[in-house]
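For reference, the chains in residue letters:
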There are 2 protein chains.
Amino acid sequence: MCKKVALTGDRPTGCLHLGHYIGTLQSRVHLQHEYDQYVMIADVQALTDYFANPSKISDSLFEVVADYISVGIDPELTTIFVQSEISALPELMMYYMNLVTTSRLERNPTVKTELQQKNFGGEGIPAGFLCYPISQAADITAFKAEVVPVGEDQLPLIEQCNEIVRKFNRLYGVDCLKEAKAHLSQTARLVGIDGKAKASKSLNNAIFLSDSADIVKQKVYSMFTDPDHIKISDPGKIEGNVVFTYLDAFYRDKSEIESLKQQYQKGGLGDTALKSLLNETLQSLLSPIREKRKSLRRDYLYDVIHHGSIKARAIANETLREVKDAIGLNFFNK
Amino acid sequence: MCKKVALTGDRPTGCLHLGHYIGTLQSRVHLQHEYDQYVMIADVQALTDYFANPSKISDSLFEVVADYISVGIDPELTTIFVQSEISALPELMMYYMNLVTTSRLERNPTVKTELQQKNFGGEGIPAGFLCYPISQAADITAFKAEVVPVGEDQLPLIEQCNEIVRKFNRLYGVDCLKEAKAHLSQTARLVGIDGKAKASKSLNNAIFLSDSADIVKQKVYSMFTDPDHIKISDPGKIEGNVVFTYLDAFYRDKSEIESLKQQYQKGGLGDTALKSLLNETLQSLLSPIREKRKSLRRDYLYDVIHHGSIKARAIANETLREVKDAIGLNFFNK
């Protein structure tokens, strides 16, 4: 009961892939034993990008839950909940919105980078997008999360949250909100099978946890290697060779990989042999996940997020009560 | 049951005064017979200005309810509710925030004027302030208000709301949100007793509905008239003469006022006689209001806003359900 709370989550905009697996999913499977872990399916936050195409979110939601459970996130140890079911979150956000200026949001490095990538241009920046760091602060503080697993690019969001926490506690003379620490994930982002960019659904260059064995094999055999490595006897390059990147990430015997790399660089090791090894590796990783996934009935997934959301709602409501008490706006629920 | 809905409200930041009486309170007493009227005590909106001094809001809340009921707003005809009690409002706001750009908010004439007045300066504009028109759109649409009594300076807020309504309905292919019409109040704003500006609590130049008979008399006798009208026989000026402004607003017999004005301009009518007439007029207006106010017990006021808030909550929740259905985010409440 004295475990620290960890909060993490995903925007449900498609099935999860191997990049998520090494980036966050594996870490959650470990963290759930150390922490009181909450995993939020951030459908509302996804809307800041997909408000004009919301079916992408509703179609993905149960797929993401299935991905979670099939990789070993255990609903007995981890509370999986749906953001849009927790009405205290937008209420907290609204109270925090008075404590953050628009210029501070525009200066947030994560927001700045995303603004450049998204290029809203003449249309202007939707208020919901600019304010999403405040929404994240609501998520984190609602559960009094002390640990938030994030990538390095998201550190400014934790800092923004902690600024709100300090300002709120100082302004209202309380200590009900807790500062959070980032838990940096060690693994780098996984490159796409084309070697060009991060694996992602939108670039169609990712291997999904739910891909069939045939599709996985097909994707592995289409991976980018070294275009100058024509004959088996040719020396081959390791840098930018996606097959090696994936073997580094997923093959357990690191010394064997080292000797394969040496052999490849000298010449005498063919791409097909390497791809066959990677395919076997990924099949043995994904096969039990796929089997587990098949066994999950929709009713069960529904129950998991329903119960998770009920539990999360009670906790967030309690924080909201403390926040409204601190401000002095709790007229009926004392 | 087929009456149109009217929504109106006040930020609870002090007792209401005669300016409110002629500006909105009188009109609400009439509107409650024509419309299904909701009066919102906008404590959350008040926080956008008073987040650093929230006790101003909590201290005023019951005073404002007492003002409402003492002037004749009837809880049997009008639903009086507290904004912070309606969690569906920030949820609706959050969904609407994706549909409005920050540049559109900055171009809103009402927001522009207020930004100039408030002069946030180096501190920057709080996100809550910039987004308050979206919060108002949530209030109006939650109750499907078709009529919103406002002053002319607030018309851009209704237009902003209707833009959101049209965009939401078009984007999600629904018609669940309703456009609202402004109901312009006819009476001009009441000048302060010093003649310098609008009557307001912060300028300490207003006559409050809860002022004692002595205080009212004292304020009337300190009113600005015509500084050049020294002797009774001197001709006096009507323009800028606060006593005449108040008589115009509160004295019933308009032809009698006309003949008093002529007499004053010619000379031969003293300020004291005029102030005595205004004092009698205001005492007879305020005396029953003050008596009614005294009879209102705190328990009763509590019950009024408690029941009003329960009723308002159910209606706003129903709209939220429709909105989430339209977006496709209603997973458990179908």
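No experiment lies behind these values; they were computed from the predicted model shown.

**Some words on the overall build of chain A**
Helix and strand counts for chain A stand at 14 helices and five strands. Here chain A has a C-alpha radius of gyration of 22 Å; the compact-globule value for 334 residues is 20 Å, and the two agree. Dimensions of chain A, computed from the C-alpha atoms along their principal axes, are close to 80 × 45 × 35 Å. Counting all 334 residues of chain A, 56% fall into the buried class. Summed over all atoms, the accessible surface of chain A reaches about 14700 Å², with 50% contributed by carbon and sulfur. Here chain A holds 39 positive side-chain charges and 42 negative ones, and the gap between their average locations is 2 Å.

**Looking at the environment of arginine 189 of chain B**
Residue and element names in this part refer to chain B. With respect to the element layout, arginine 189 can be found in the loop between strand E5 (181–184) and helix H10 (213–221). For arginine 189, a relative accessible area of 55% corresponds to the exposed category. For the pair arginine 189 and isoleucine 22, spaced 167 residues apart in sequence, the C-alpha to C-alpha distance is 8.1 Å. If sequence neighbours within four positions are ignored, arginine 189 has contacts with Asp153 and Lys198.

**A short note on the interface of chain B and chain A**
Between chain B and chain A, the contact holds 50 residues from the first and 50 residues from the second. Summed over both partners, the interface of chain B with chain A buries about 4300 Å², with 68% contributed by carbon and sulfur atoms. Where chain B meets chain A, there are zero salt bridges. Across the contact surface, chain B and chain A share twelve residue pairs in polar contact (both at pLDDT 80 or more). Elements with a minimum of two residues in the side of chain B that touches chain A: helix H2 (43–50), helix H3 (55–71), helix H4 (88–96), helix H5 (102–107), helix H7 (127–130), helix H9 (155–172) and helix H14 (298–327) of chain B. By residue class, the composition of the side of chain B that touches chain A is 31 nonpolar, 14 polar and five charged.

**As for the relation of the copies chain B and chain A**
For the pair chain B and chain A, the superposition axis carries a translation of 0.0 Å, the fit reaches an RMSD of 0.1 Å, and the rotation angle comes to 180°. Taken together, the rotation and translation describe the operation of a two-fold axis. It is proline 90 of chain B whose C-alpha, among those of chain B, lies nearest the rotation axis, at 2.8 Å.

**Brief notes about the confidence of the model for chain A**
Counting all residues, the mean pLDDT for chain A is 93, and 98% of those residues have values of 70 or more. The complex prediction reports pTM at 0.92, with the ipTM value standing at 0.92.

**Considering the packing of helix H11 (residues 242–250) of chain A against helix H12 (residues 254–266) of chain A**
Residues and elements named next belong to chain A. The interhelical angle for the contact between H11 and H12, taken along N-to-C directions, is 165°, at an axis separation of 10 Å. Judged on the interaxial angle alone, H12 and H11 are roughly antiparallel. With respect to the hand of their crossing, H11 and H12 are arranged in left-handed fashion. Contacts between H11 and H12 involve Phe244, Leu247 and Asp248 from the former and Lys254, Ile257, Leu260, Lys261 and Tyr264 from the latter. Along the lines of polarity and charge, the residues of the contact of H11 with H12 split into five nonpolar, no polar and three charged.

**Description of the pattern of salt bridges**
All names here are of chain A. In this structure the tally under the stated criterion is 36 salt bridges over all chains. Residue glutamate 159 pairs with arginine 166 through a salt bridge whose shortest N-O separation is 3.0 Å. Judged by its relative accessible area of 34%, arginine 166 falls in the partly exposed class. In this structure, the salt-bridge partner of arginine 321 is glutamate 318, at a minimum N-O distance of 3.0 Å. Taken together, the residues arginine 321 and glutamate 318, both in helix H14 (residues 298–327) and three residues apart, mark about one turn of the helix.

**Thoughts on H14 of chain B**
In this model H14 of chain B runs 42 Å from its N-terminal to its C-terminal C-alpha over 30 residues, within 8% of the 44 Å that 1.5 Å per residue would give. Where H14 of chain B terminates, the next one or two residues include glycine 328 of chain B, which has phi positive at roughly 95°.

**A short note on the state of the cysteines**
In this structure the tally under the stated criterion is zero disulfides over all chains. Take cysteine 176 of chain A: it sits in no disulfide, and the sulfur closest to it among the cysteines is that of cysteine 161 of chain A, at 13 Å.

**Points about the nonpolar core**
Counting residues in hydrophobic clusters, the biggest one holds 221 residues, and the most contacted among them are Tyr246 of chain A together with Tyr246 of chain B. Once you skip the residues sitting within four places of it in the chain, tyrosine 246 of chain B turns out to touch Leu18, Leu190, Val191, Gly192, Ile193, Ala199, Ile207, Met223, Tyr251, Leu278 and Leu282 of chain B.

**As for unusual backbone geometry**
Apart from glycine, the bulk of residues carry a negative phi angle, and the bulk of peptide bonds sit in the trans form. Residue and element names in this part refer to chain B. Positive phi, normally seen in glycine, also occurs at lysine 144, with a value near 50°. A relative accessible area of 23% means that lysine 144 is categorised as partly exposed. Residue asparagine 204 is not a glycine yet carries a positive backbone phi of 55°.

**With respect to the pairing of strand E3 (residues 78–82) of chain B**
Residues and elements named next belong to chain B. By the criterion of burial, E3 is predominantly enclosed, with five of the five residues buried. Of the two faces of E3, the one lined by Thr78, Ile80 and Val82 and the one lined by Thr79 and Phe81 are each fully buried. Note that strand E2 (residues 36–41) and E3 share five bridges and pair parallel. Bridge pairing in E3 links isoleucine 41 to valine 82.

**Here we look at the packing of aromatic side chains**
Within the structure shown, the criterion is met by 17 aromatic pairs over all chains. Ring centres 6.2 Å apart and planes at 75° place the aromatic pair tyrosine 96 of chain B and phenylalanine 168 of chain B in the edge-to-face group. One end of the pair, tyrosine 96 of chain B, is in helix H4; the other, phenylalanine 168 of chain B, is in helix H9, with 72 residues separating them in the sequence. You'll find tyrosine 96 of chain B and phenylalanine 168 of chain B in the same group, each marked buried. Geometrically, the ring pair formed by phenylalanine 244 of chain B and tyrosine 264 of chain B is edge-to-face, given 5.1 Å between the ring centres and 70° between the ring planes. Placement of the pair is phenylalanine 244 of chain B in helix H11 (residues 242–250) and tyrosine 264 of chain B in helix H12 (residues 254–266), with a sequence separation of 20 residues. Since its relative accessible area comes to 0%, tyrosine 264 of chain B is described here as buried. Ring-pair connections join several aromatic residues into one group, and the members of that group are Tyr38, Phe81 and Phe143 of chain A. The side chain of arginine 11 of chain B reaches across the aromatic face of tyrosine 132 of chain B, ending 5.3 Å from its centre. When the ring centre of tyrosine 221 of chain B is taken as origin, the NZ or CZ atom of lysine 217 of chain B, which lies over that ring, is 5.9 Å away.

**Looking at the pairing of strand E4 (residues 147–150) of chain A**
Burial along E4 of chain A is two-sided: Val147 and Pro149 of chain A facing one way and Val148 and Val150 of chain A facing the other are all buried. Running through helix H9 (residues 155–172) of chain A, the crossover from E4 of chain A to the neighbouring parallel element strand E5 (residues 181–184) of chain A is right-handed.

**Section: the side chain of aspartate 67 of chain B**
The residue aspartate 67 of chain B is located in helix H3 in this model. Apart from the residues within four sequence positions on either side, aspartate 67 of chain B is in contact with Cys15, Leu16, Leu209 and Arg293 of chain B.

Cut-offs used in this document
Residues numbered from 1 in each chain as written. Chains lettered and ligands numbered in written order. Predicted model: local features only at pLDDT ≥ 70, side-chain atom pairs only at ≥ 80, totals over all residues. Heavy atoms only, no water. Helix = DSSP H or I, 4+ residues; strand = E, 2+ residues; numbered from the N terminus. Rg over C-alpha atoms; globule rule 2.2 N^0.38 Å. Buried < 20%, exposed > 50% of the residue type's maximum accessible area, 1.4 Å probe, protein only. Areas by Shrake-Rupley, 256 points an atom, 1.4 Å probe, with all protein chains shown as cover. Lys, Arg positive; Asp, Glu negative; His and termini not counted. Charge placed at Lys NZ, Arg CZ, Asp CG, Glu CD. Contact = heavy atoms within 4.5 Å. Buried area = accessible area lost by both parts, 1.4 Å probe. Salt bridge = Lys/Arg side-chain N within 4 Å of Asp/Glu carboxyl O. Polar contact = N/O pair within 3.5 Å; in protein donor to acceptor, adjacent residues only side chain to side chain. Nonpolar A, V, L, I, M, F, W, Y, C, P; charged D, E, K, R; others polar. Least-squares fit on C-alpha atoms with pLDDT ≥ 70 in both. pLDDT = per-residue confidence, 0-100. Axes fitted to C-alpha atoms, helices over the stretch in contact; angles between N-to-C directions. Parallel < 35°, antiparallel > 145°, perpendicular 65-115°, else oblique. Left-handed = near helix turned anticlockwise from the far one by under 90°. Expected span 1.5 Å × (residues − 1). Disulfide = S-S within 2.5 Å. Core = buried A, V, L, I, M, F, W, Y, C linked by side-chain atoms within 4.5 Å. Pairing = 2+ DSSP bridges. Phe/Tyr/Trp six-rings, centres within 6.5 Å; stacked < 30°, edge-to-face > 60°. Lys NZ or Arg CZ within 6 Å of the ring centre and 35° of its normal. Right-handed = clockwise from strand over helix to strand, strands pointing away.

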